[in-house]
Amino acid sequence: MSPQVSGSVHTQGYNQPVGDAALIACQHCDLVQRLPRLELGGSARCPRCNKELWRRREDSLNRTLALTLTAAVLYVIANSVPMLGLTIVGRDASTTVIGGAQHLWNNGQQLVGVLVLFTAVIAPALQIGLMLAIVLGAMRERAPRWVGAVLRHHPITRIWSMIEVMMVGVLVALVKIADYATVIPGIALFVLWVLVFILAGMQASFDSREVWERIDWAEDSARGGAAGEFMAEEPL
Ligand SMILES: [Zn+2]
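Residues numbered from 1 in each chain as written. Predicted model: local features only at pLDDT ≥ 70, side-chain atom pairs only at ≥ 80, totals over all residues. Heavy atoms only, no water.

Go over a nonpolar patch on the surface, please, and point to the residues and values.
A cluster of nonpolar side chains, namely Ile-98, Leu-111, Val-112, Leu-115, Leu-117, Phe-118, Ile-122, Leu-126, Ile-156, Ile-159 and Trp-160, defines an oily patch on the protein surface of about 940 Å² accessible area. Those elements that provide at least two residues to the nonpolar patch are helix 3 (110-139) and helix 4 (146-160). The element contributing the most residues to the nonpolar patch is helix 3, with seven residues. Structurally, the position occupied by Leu-117 is in helix 3. (Patch = residues over 30% accessible without salt bridge, like charges linked within 9 Å, V, L, I, M, F, W, Y side chains within 5 Å. Areas by Shrake-Rupley, 256 points an atom, 1.4 Å probe, with all protein chains shown as cover. Salt bridge = Lys/Arg side-chain N within 4 Å of Asp/Glu carboxyl O. Helix = DSSP H or I, 4+ residues; strand = E, 2+ residues; numbered from the N terminus.)

This is how it looks when you write it as C-alpha coordinates:
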(Lines give C-alpha, C1' and ligand atoms only; values in the text may rest on other atoms or scores of the structure.)
Protein backbone atom coordinates (compact mmCIF):
# COMPACT_ATOMS: atom_id res chain seq x y z
CA MET A 1 0.00 0.00 0.00
CA SER A 2 1.43 3.37 -0.92
CA PRO A 3 1.08 6.08 1.74
CA GLN A 4 -1.34 8.16 -0.37
CA VAL A 5 -3.23 10.77 1.56
CA SER A 6 -6.85 11.38 0.68
CA GLY A 7 -7.51 14.85 -0.76
CA SER A 8 -5.35 16.56 -3.29
CA VAL A 9 -2.77 18.30 -1.09
CA HIS A 10 0.33 16.12 -1.23
CA THR A 11 2.37 15.63 1.90
CA GLN A 12 6.07 16.03 1.24
CA GLY A 13 7.58 15.54 4.64
CA TYR A 14 7.96 17.86 7.59
CA ASN A 15 7.93 21.62 6.96
CA GLN A 16 8.11 21.33 3.18
CA PRO A 17 6.31 23.86 0.97
CA VAL A 18 3.18 22.52 -0.68
CA GLY A 19 4.09 22.07 -4.34
CA ASP A 20 0.64 22.99 -5.59
CA ALA A 21 0.43 26.21 -7.55
CA ALA A 22 -3.37 25.90 -7.84
CA LEU A 23 -3.80 26.90 -4.18
CA ILE A 24 -4.75 30.54 -3.83
CA ALA A 25 -5.59 32.79 -0.89
CA CYS A 26 -8.53 35.16 -1.35
CA GLN A 27 -7.21 38.74 -1.24
CA HIS A 28 -10.31 39.88 0.65
CA CYS A 29 -10.95 37.22 3.31
CA ASP A 30 -7.74 35.09 3.18
CA LEU A 31 -9.61 31.85 2.56
CA VAL A 32 -7.18 29.38 0.98
CA GLN A 33 -8.77 27.42 -1.82
CA ARG A 34 -7.98 25.52 -4.98
CA LEU A 35 -8.37 27.44 -8.22
CA PRO A 36 -10.13 25.40 -10.94
CA ARG A 37 -8.97 25.41 -14.57
CA LEU A 38 -10.83 28.26 -16.18
CA GLU A 39 -12.09 28.69 -19.71
CA LEU A 40 -10.95 31.79 -21.61
CA GLY A 41 -12.94 34.73 -20.28
CA GLY A 42 -14.15 32.69 -17.30
CA SER A 43 -13.77 33.80 -13.71
CA ALA A 44 -13.70 32.18 -10.26
CA ARG A 45 -15.32 33.62 -7.13
CA CYS A 46 -14.52 33.11 -3.47
CA PRO A 47 -17.17 30.87 -1.84
CA ARG A 48 -16.97 32.82 1.42
CA CYS A 49 -17.00 36.51 0.41
CA ASN A 50 -18.11 36.18 -3.25
CA LYS A 51 -15.30 38.45 -4.49
CA GLU A 52 -13.65 37.62 -7.78
CA LEU A 53 -10.49 35.56 -7.29
CA TRP A 54 -9.28 35.52 -10.85
CA ARG A 55 -10.57 36.21 -14.33
CA ARG A 56 -8.82 34.49 -17.21
CA ARG A 57 -8.43 37.20 -19.79
CA GLU A 58 -8.52 36.43 -23.45
CA ASP A 59 -5.29 36.96 -25.41
CA SER A 60 -3.86 38.82 -22.43
CA LEU A 61 -0.18 38.86 -23.45
CA ASN A 62 -0.75 40.16 -27.00
CA ARG A 63 -3.19 42.84 -25.85
CA THR A 64 -0.90 43.93 -23.05
CA LEU A 65 2.05 44.06 -25.46
CA ALA A 66 0.09 46.24 -27.91
CA LEU A 67 -1.00 48.63 -25.16
CA THR A 68 2.50 48.74 -23.64
CA LEU A 69 4.09 49.62 -26.98
CA THR A 70 1.45 52.33 -27.51
CA ALA A 71 2.15 53.67 -24.02
CA ALA A 72 5.91 53.73 -24.76
CA VAL A 73 5.41 55.79 -27.93
CA LEU A 74 3.00 58.20 -26.17
CA TYR A 75 5.42 58.53 -23.24
CA VAL A 76 8.30 59.55 -25.52
CA ILE A 77 6.09 62.12 -27.31
CA ALA A 78 4.68 63.47 -24.01
CA ASN A 79 8.16 64.11 -22.66
CA SER A 80 9.68 65.65 -25.75
CA VAL A 81 7.08 68.27 -26.74
CA PRO A 82 5.80 71.24 -24.68
CA MET A 83 2.97 70.57 -22.24
CA LEU A 84 1.91 74.16 -21.60
CA GLY A 85 2.52 77.56 -23.02
CA LEU A 86 1.77 80.87 -21.31
CA THR A 87 1.52 84.37 -22.69
CA ILE A 88 1.72 87.11 -20.06
CA VAL A 89 2.00 90.77 -21.08
CA GLY A 90 3.59 89.91 -24.39
CA ARG A 91 6.05 87.35 -22.99
CA ASP A 92 5.79 83.75 -24.17
CA ALA A 93 6.95 80.77 -22.17
CA SER A 94 6.43 77.05 -22.64
CA THR A 95 7.56 74.02 -20.72
CA THR A 96 7.71 70.24 -20.84
CA VAL A 97 7.02 67.94 -17.87
CA ILE A 98 10.72 67.63 -17.06
CA GLY A 99 11.11 71.40 -17.57
CA GLY A 100 8.32 71.97 -15.06
CA ALA A 101 10.10 69.86 -12.46
CA GLN A 102 13.31 71.78 -13.18
CA HIS A 103 11.50 75.11 -12.70
CA LEU A 104 10.22 73.92 -9.33
CA TRP A 105 13.76 72.93 -8.30
CA ASN A 106 15.19 76.29 -9.38
CA ASN A 107 12.48 78.20 -7.51
CA GLY A 108 13.18 76.68 -4.12
CA GLN A 109 10.61 73.86 -4.36
CA GLN A 110 13.20 71.08 -4.52
CA LEU A 111 11.07 68.45 -2.78
CA VAL A 112 8.05 69.07 -5.02
CA GLY A 113 10.32 69.12 -8.08
CA VAL A 114 11.82 65.73 -7.17
CA LEU A 115 8.35 64.28 -6.49
CA VAL A 116 7.01 65.51 -9.83
CA LEU A 117 10.06 64.10 -11.63
CA PHE A 118 9.75 60.75 -9.86
CA THR A 119 5.97 60.25 -10.06
CA ALA A 120 5.34 61.74 -13.51
CA VAL A 121 8.53 60.83 -15.38
CA ILE A 122 10.66 58.11 -13.75
CA ALA A 123 7.94 55.83 -12.30
CA PRO A 124 5.82 55.76 -15.50
CA ALA A 125 8.98 54.98 -17.51
CA LEU A 126 9.72 52.06 -15.16
CA GLN A 127 6.08 50.94 -15.26
CA ILE A 128 6.10 50.81 -19.06
CA GLY A 129 9.65 49.47 -19.43
CA LEU A 130 9.28 46.67 -16.88
CA MET A 131 5.88 45.66 -18.27
CA LEU A 132 7.47 45.41 -21.72
CA ALA A 133 10.24 43.21 -20.27
CA ILE A 134 7.70 40.98 -18.46
CA VAL A 135 5.47 40.49 -21.50
CA LEU A 136 8.34 39.90 -23.94
CA GLY A 137 10.00 37.52 -21.45
CA ALA A 138 6.75 35.63 -20.87
CA MET A 139 6.14 35.28 -24.62
CA ARG A 140 9.33 33.27 -25.05
CA GLU A 141 8.89 29.52 -25.33
CA ARG A 142 10.41 29.06 -21.87
CA ALA A 143 9.91 32.19 -19.81
CA PRO A 144 13.17 32.91 -17.99
CA ARG A 145 13.22 33.13 -14.18
CA TRP A 146 14.12 36.84 -14.10
CA VAL A 147 10.60 37.54 -15.38
CA GLY A 148 9.31 36.38 -11.98
CA ALA A 149 11.64 38.76 -10.14
CA VAL A 150 10.56 41.70 -12.32
CA LEU A 151 6.88 40.73 -12.02
CA ARG A 152 7.14 40.65 -8.22
CA HIS A 153 8.47 44.23 -8.11
CA HIS A 154 6.34 45.71 -10.88
CA PRO A 155 3.41 46.76 -8.60
CA ILE A 156 5.73 49.27 -6.88
CA THR A 157 6.18 51.19 -10.13
CA ARG A 158 2.41 51.20 -10.66
CA ILE A 159 1.82 52.64 -7.18
CA TRP A 160 4.30 55.50 -7.76
CA SER A 161 3.22 56.27 -11.32
CA MET A 162 0.85 59.21 -10.86
CA ILE A 163 0.47 60.99 -14.18
CA GLU A 164 -3.28 61.37 -13.56
CA VAL A 165 -2.64 63.18 -10.24
CA MET A 166 -0.26 65.59 -12.00
CA MET A 167 -2.85 66.16 -14.73
CA VAL A 168 -5.54 67.07 -12.18
CA GLY A 169 -3.06 69.47 -10.54
CA VAL A 170 -2.26 71.05 -13.91
CA LEU A 171 -5.97 71.51 -14.66
CA VAL A 172 -6.58 73.20 -11.30
CA ALA A 173 -3.58 75.51 -11.90
CA LEU A 174 -4.83 76.30 -15.42
CA VAL A 175 -8.24 77.38 -14.15
CA LYS A 176 -6.59 79.59 -11.53
CA ILE A 177 -4.17 81.37 -13.86
CA ALA A 178 -6.62 81.68 -16.78
CA ASP A 179 -7.63 85.15 -15.56
CA TYR A 180 -4.05 86.47 -15.56
CA ALA A 181 -2.46 84.85 -18.58
CA THR A 182 -3.29 83.28 -21.92
CA VAL A 183 -2.77 79.56 -21.61
CA ILE A 184 -1.81 77.59 -24.70
CA PRO A 185 -2.28 73.84 -24.14
CA GLY A 186 0.64 71.91 -25.67
CA ILE A 187 0.45 68.60 -27.54
CA ALA A 188 1.92 66.82 -24.51
CA LEU A 189 -1.11 67.80 -22.43
CA PHE A 190 -3.45 65.84 -24.73
CA VAL A 191 -0.97 62.98 -25.17
CA LEU A 192 -0.65 62.64 -21.38
CA TRP A 193 -4.42 62.31 -21.00
CA VAL A 194 -4.47 59.54 -23.60
CA LEU A 195 -1.50 57.92 -21.85
CA VAL A 196 -3.42 57.84 -18.54
CA PHE A 197 -6.14 55.70 -20.17
CA ILE A 198 -3.69 53.53 -22.11
CA LEU A 199 -1.80 52.76 -18.88
CA ALA A 200 -5.08 51.84 -17.17
CA GLY A 201 -5.93 49.56 -20.11
CA MET A 202 -2.45 48.02 -20.02
CA GLN A 203 -2.88 47.07 -16.35
CA ALA A 204 -6.45 45.84 -16.90
CA SER A 205 -5.50 43.54 -19.77
CA PHE A 206 -2.48 42.12 -17.95
CA ASP A 207 -2.97 38.68 -16.42
CA SER A 208 -0.21 38.11 -13.87
CA ARG A 209 -1.26 34.51 -13.21
CA GLU A 210 -0.79 33.57 -16.85
CA VAL A 211 2.75 34.93 -16.65
CA TRP A 212 3.43 33.04 -13.42
CA GLU A 213 2.24 29.86 -15.10
CA ARG A 214 4.60 30.42 -18.00
CA ILE A 215 7.63 31.05 -15.86
CA ASP A 216 9.86 28.08 -15.74
CA TRP A 217 9.94 26.88 -12.15
CA ALA A 218 11.58 23.56 -12.99
CA GLU A 219 14.86 24.57 -11.41
CA ASP A 220 13.08 25.75 -8.27
CA SER A 221 10.98 22.60 -8.08
CA ALA A 222 14.17 20.57 -7.99
CA ARG A 223 15.17 22.50 -4.88
CA GLY A 224 11.64 22.28 -3.50
CA GLY A 225 11.23 26.03 -3.60
CA ALA A 226 8.57 26.43 -6.24
CA ALA A 227 5.61 26.60 -3.92
CA GLY A 228 7.39 28.93 -1.52
CA GLU A 229 8.13 31.37 -4.31
CA PHE A 230 4.63 31.07 -5.66
CA MET A 231 2.96 31.74 -2.33
CA ALA A 232 5.11 34.85 -1.93
CA GLU A 233 3.55 36.28 -5.06
CA GLU A 234 2.17 39.74 -4.58
CA PRO A 235 -1.29 40.48 -5.88
CA LEU A 236 -1.22 42.65 -8.96
ZN1 LIG B 1 -12.90 35.65 0.06
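Picking up where we left off.
Please set out the pairing of strand 6 (residues 91-95) residue by residue, giving values where relevant.
Two faces make up the sheet, and in a regular strand the side chains alternate between them. The element strand 6 is largely exposed, with a buried count of zero among its five residues. Hairpin geometry of strand 5 (residues 84-88) and strand 6 is characterised by an intervening segment of two residues between the two adjacent antiparallel strands and by a positive phi of about 35° at Val-89. (Buried < 20%, exposed > 50% of the residue type's maximum accessible area, 1.4 Å probe, protein only. Pairing = 2+ DSSP bridges.)

With reference to specific residues and values, describe the sheet that holds strand 5.
Two strands in a sheet stick together by hydrogen bonds in their backbones, pointing the same way (parallel) or opposite ways (antiparallel). Pairing is antiparallel in the open sheet, where three strands are placed in the order 6-5-7. Strands at the two margins of the open sheet, each flanked by one partner only, are strand 6 and strand 7 (182-185). If you compare each strand with its neighbour and ignore which way they point, the axes differ by 20° on average. (Axes fitted to C-alpha atoms, helices over the stretch in contact; angles between N-to-C directions.)

Residue-level account of unusual backbone geometry, with values.
In this structure, Asn-50 is a non-glycine residue whose phi angle is positive, near 65°. By the element assignment, Asn-50 lies in the loop between strand 3 (43-45) and strand 4 (52-55). Despite not being glycine, Asp-59 has its phi angle at roughly 50°, a positive value. Structurally, Asp-59 is set in the loop between strand 4 and helix 1 (60-78).

Could you give an account of the coordination of the zinc ion, with specific residues and numbers?
Coordination sphere of the zinc ion, protein contribution only: Cys-26 (SG), Cys-29 (SG), Cys-46 (SG) and Cys-49 (SG), at 2.3 Å. Read from N- to C-terminus, the donor residues coordinating the zinc ion fall into the pattern C-x2-C-x16-C-x2-C. A residue pair is termed long-range when its members are at least 10 positions apart, and Cys-29 in the loop between strand 1 (23-25) and strand 2 (32-34) and Cys-49 in the loop between strand 3 and strand 4 qualify at 20 residues. By relative accessible area, which is 25% here, Cys-49 ends up partly exposed. (Donors = N, O, S within 2.8 Å, 3.2 Å for Na, K, Ca; no water.)

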